[in-house]
Each structure stands twice: as C-alpha cells, then as structure tokens.
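# A closer look at the structure
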Amino acid sequence: MAKDIENPCISVCQLNSELCLSCGRTKEDIKKWKRMKRPEKMAAVQRATLRLKSLQKKNA
C-alpha cells in the first residue's frame, strides 16, 4: 500500500480570508483533507507549497 501523504498542518493556524498563512492550504483544502484520496492530497500539498513560496517572495 502506498504511503499516506502527511498533513502539512503545523498547528499554528493563521487564516487570512480563504488561506492559512502557516501551511498554505485553503479553507476548502483543510476542510476536505481527511476525505481526500492520495493524489488529491499530493496536489493540495504542491499548491500549498507554491502559495507559501509566493507569500515569502512578497514579504522579502
């Protein structure tokens, strides 16, 4: 069986409208996480990583 995707939550939720500034996931991704299948989780983590990188560039 394939390894499960680790939840990117770092337990420091900082929601700004629809986005968590700590993990990079949207409210919708956070809400659906437990029901997502592995490919969906992989995609959500990739999107979150890109969002966080984008936020870091804006704040630099």
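Here, the structure is the one placed above.
Residues numbered from 1 in each chain as written. Predicted model: local features only at pLDDT ≥ 70, side-chain atom pairs only at ≥ 80, totals over all residues. Heavy atoms only, no water.

Below, the discussion takes up the overall build of the protein chain. Counting secondary structure elements, the protein chain contains two helices and two strands. Across its three principal directions, the C-alpha atoms of the protein chain cover 40 × 20 × 15 Å. For the protein chain, with 60 residues in total, the buried portion stands at 22%. Across the protein chain, contacts joining residues at least 24 apart in sequence account for 45% of those joining residues at least 6 apart. Surface accessibility of the protein chain: about 4,800 Å² in total, with carbon and sulfur atoms responsible for 54%. Distance between charge centres in the protein chain, computed from 15 positive and 6 negative side chains, equals 3 Å. (Helix = DSSP H or I, 4+ residues; strand = E, 2+ residues; numbered from the N terminus. Buried < 20%, exposed > 50% of the residue type's maximum accessible area, 1.4 Å probe, protein only. Contact = heavy atoms within 4.5 Å. Areas by Shrake-Rupley, 256 points an atom, 1.4 Å probe, with all protein chains shown as cover. Lys, Arg positive; Asp, Glu negative; His and termini not counted. Charge placed at Lys NZ, Arg CZ, Asp CG, Glu CD.)

On to the pattern of salt bridges, then. For the structure shown, the criterion picks out four salt bridges. Among the salt bridges present, the one from D4 reaches K41, with a minimum N-O distance of 3.6 Å. In this pair, D4 is assigned in the segment before β1 (15–16) and K41 in helix α2 (residues 38–59), connecting sequence segments 37 residues apart. Judged by its relative accessible area of 51%, D4 is exposed. Judged by relative accessible area, which is 7%, K41 ranks as buried. Here K32 ties to E28 by a salt bridge, and the two come within 3.4 Å at their closest N and O atoms. One end of the pair is K32 and the other is E28, both in helix α1 (residues 27–32) and four residues apart, which spans about a single turn. (Salt bridge = Lys/Arg side-chain N within 4 Å of Asp/Glu carboxyl O.)

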